[in-house]
Amino acid sequence: MGNTRSNNYGFIKEDEVQELSSLYNRRGYEAVVSRITENNEALENETLKIAVTGASGVGKSALINAMMDLSDGDPGAAEEGSTAQTMKVTAYQHPQLPTLCFYDLPGVGTTEFPSATYVEKLELGKYDVFIIVFGVRVMENDVFLAGKIHEMGKKIYFLRSKIDIEVDNLERQNRQQDRERELNKIRQYCVKKLEEIKFPSQEVFLVSSYRMNDFDFSRFCNVVVSDLSENTRHVFNLSLPNFCTEVIEMKKASLHGKILAAAALSGAAGASPIPGTSLACDIAILVKTFLYIQHRFGLDDESLVRLALKVGKPVEVLKAEIKNPFISDISAASVMRLIATSGAGAVMIAEDAVYFIPIVGSLVGAPLSFLTIYTILRNSLDEFGKSAVRVIIKATEN
């Protein structure tokens, strides 16, 4: 593959390397720690507001629950199965990422929300992303609202829901061979309805809230990610349930900021004159960060039990895919064993980390601690990711 040092720093982007290296040369290591910490805080405080709308009974609640990895009846979940018209904006805060919130919007054109005042009354300008959910028919109110949102310069994503029902009907009719043709007919019908209101070249995603790994859900998520800013992309990535292997790769990229922040904290502790402070802080930092990564990848016990119930498989079958015992047993003792096996030699292993800060030969104390912790976390992130992929494959196989 050749030398890719000039444009590939693992999870560190080249412009980030150049910026932080320049900062290190001008103002020293403390300035680097401060910048990394500020960037991480900005990521953790970034908000994302996703508005979901559509006619009554099209599956908005099921979609919101699926994207929050909740089941109907869970605390904080949207109530599914109701065909009553939503009469007010209902907010659903993501259970793990409180800065992300879904909003179930009332339908347009009702007595309470007439078309003429809908945009102003619901303050549509405050939402970052709009999802319009279609049912069997594309309703006139849906296309009216799409036009209004488009006029505001906001991004809209069109989802045709409950596609699993369409496919199940084909199977009952013994017409499995017609699946792709029927799905294309459904998609083209929706696109045509949008074109009729001069809304051309719009992609319609066919999805099932109960079979996220099938149909267009993964492609939908990829398109959303490509449209978001860097910080909101981070929030969206980490909010996604682990329904396919592509999500794991997206999360790995977003977790890089967490790794850098943890390493920076370690480096700051490494500069302390109090004996033993650095090692004690490193262990605490690593435990906290590993637990965070474990949960984001759905490898903690609670997440695995919930996944097992959802897919109807024994949780032991899923746990067996986690080959590295450390991933299932994160504690101060297990982290100490990991440090012992990795040691300061981890810095020598990770050329990416060595090249991150210049004048490596003079690094002592804080920078050395930074590089060591960064390398341990980065290498471990790969291991967590591989286990998460194996669990997903096992969970979704027939």
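All figures in this text were calculated on a predicted structure; none of them were measured in a lab.

**Considerations on the confidence of the model for the protein chain**
- Summarising the model, the protein chain shows a mean pLDDT of 82, and 83% of its residues fall at 70 or more.
- Considering only residues more than four positions removed or in separate chains, one finds that residues 1-11, a stretch of pLDDT under 50, has 18 contacts.
- Segment residues 344-366 is flagged for pLDDT under 50; beyond a separation of four residues in sequence, or across chains, it makes 44 contacts in the model.

**Brief notes about the UniProt feature "coiled-coil region" (unreviewed entry) in the protein chain**
- The UniProt entry lists residues 160-187 under the feature "coiled-coil region" (unreviewed entry), expressed in the numbering used here.
- A helix fraction of 68% and a strand fraction of 4% characterise residues 160-187, whose end C-alpha atoms lie 8 Å from each other.

**Structural notes on unusual backbone geometry**
- Even without being a glycine, lysine 162 presents a positive backbone phi close to 60°.
- For lysine 162, the position within the fold is in the loop between strand E5 (155-160) and helix H6 (163-172).
- By relative accessible area, which is 36% here, lysine 162 ends up partly exposed.
- At asparagine 174, a position not held by glycine, the phi torsion is positive, near 60°.
- Owing to a relative accessible area of 56%, asparagine 174 belongs among the exposed residues under this scheme.

**Description of the environment of lysine 310**
- Note that lysine 310 resides in helix H13 (residues 301-311).
- Residue classification places lysine 310 among the partly exposed positions, given a relative accessible area of 48%.
- Sequence separation of lysine 310 and tyrosine 210 is 100 residues, and the distance between their C-alpha atoms is 9.4 Å.

**With respect to the side chain of glutamate 182**
- Tracing the backbone through its elements, the reader meets glutamate 182 in helix H7 (residues 179-195).
- Residue classification places glutamate 182 among the buried positions, given a relative accessible area of 18%.
- Reaching out from glutamate 182, the side chain makes a polar contact with the side chain of arginine 175 at a distance of 3.2 Å.
- Apart from the residues lying within four places of it in its own chain, the contact partners of glutamate 182 are Leu170 and Arg175.

**Examining the state of the cysteines**
- Following the criterion strictly, the structure yields zero disulfides and no others.
- Of all cysteine sulfurs in the structure, the one in cysteine 244 sits closest to cysteine 221, which takes part in no disulfide; the separation is 7.1 Å.
- Judged by relative accessible area, which is 1%, cysteine 221 ranks as buried.

**Some points on the pairing of strand E2 (residues 90-93)**
- The sheet contact formed by E2 and strand E3 (residues 100-104) spans four bridges and is antiparallel. When the sheet's bridge partners are listed, alanine 91 is paired in E3 with tyrosine 103.
- Here E2 folds back onto E3, and the loop between the two strands holds six residues.

**Some details on the packing of aromatic side chains**
- Tallying each qualifying case throughout the model produces nine aromatic pairs.
- With a centroid separation of 5.7 Å and an interplanar angle of 65°, the aromatic rings of phenylalanine 217 and phenylalanine 243 are classed as edge-to-face. Here phenylalanine 217 is found in helix H8 (residues 217-227), whereas its partner phenylalanine 243 is found in the loop between helix H9 (230-239) and helix H10 (245-254), with 26 residues between them in sequence.
- Owing to a relative accessible area of 0%, phenylalanine 217 belongs among the buried residues under this scheme.

**Details of the packing of H9 against H10**
- One way to put it is that H9 packs onto H10 with a least axis distance of 9 Å and a crossing angle of 135°. By the angle class used here, H9 and H10 are oblique. In the crossing of H9 with H10, the sense of the turn from one axis to the other is left-handed. Contacts between H9 and H10 pair Arg233, His234, Asn237 and Leu238 from the former with Met250, Lys251 and Ser254 from the latter.
- A breakdown of the residues in the contact of H9 with H10 according to their chemical character gives two nonpolar, three polar and two charged.

Criteria and cut-off values
Residues numbered from 1 in each chain as written. Predicted model: local features only at pLDDT ≥ 70, side-chain atom pairs only at ≥ 80, totals over all residues. Heavy atoms only, no water. pLDDT = per-residue confidence, 0-100. Contact = heavy atoms within 4.5 Å. UniProt positions renumbered as here; feature names shortened; annotations may be inferred. Helix = DSSP H or I, 4+ residues; strand = E, 2+ residues; numbered from the N terminus. Buried < 20%, exposed > 50% of the residue type's maximum accessible area, 1.4 Å probe, protein only. Polar contact = N/O pair within 3.5 Å; in protein donor to acceptor, adjacent residues only side chain to side chain. Disulfide = S-S within 2.5 Å. Pairing = 2+ DSSP bridges. Phe/Tyr/Trp six-rings, centres within 6.5 Å; stacked < 30°, edge-to-face > 60°. Axes fitted to C-alpha atoms, helices over the stretch in contact; angles between N-to-C directions. Parallel < 35°, antiparallel > 145°, perpendicular 65-115°, else oblique. Left-handed = near helix turned anticlockwise from the far one by under 90°. Nonpolar A, V, L, I, M, F, W, Y, C, P; charged D, E, K, R; others polar.

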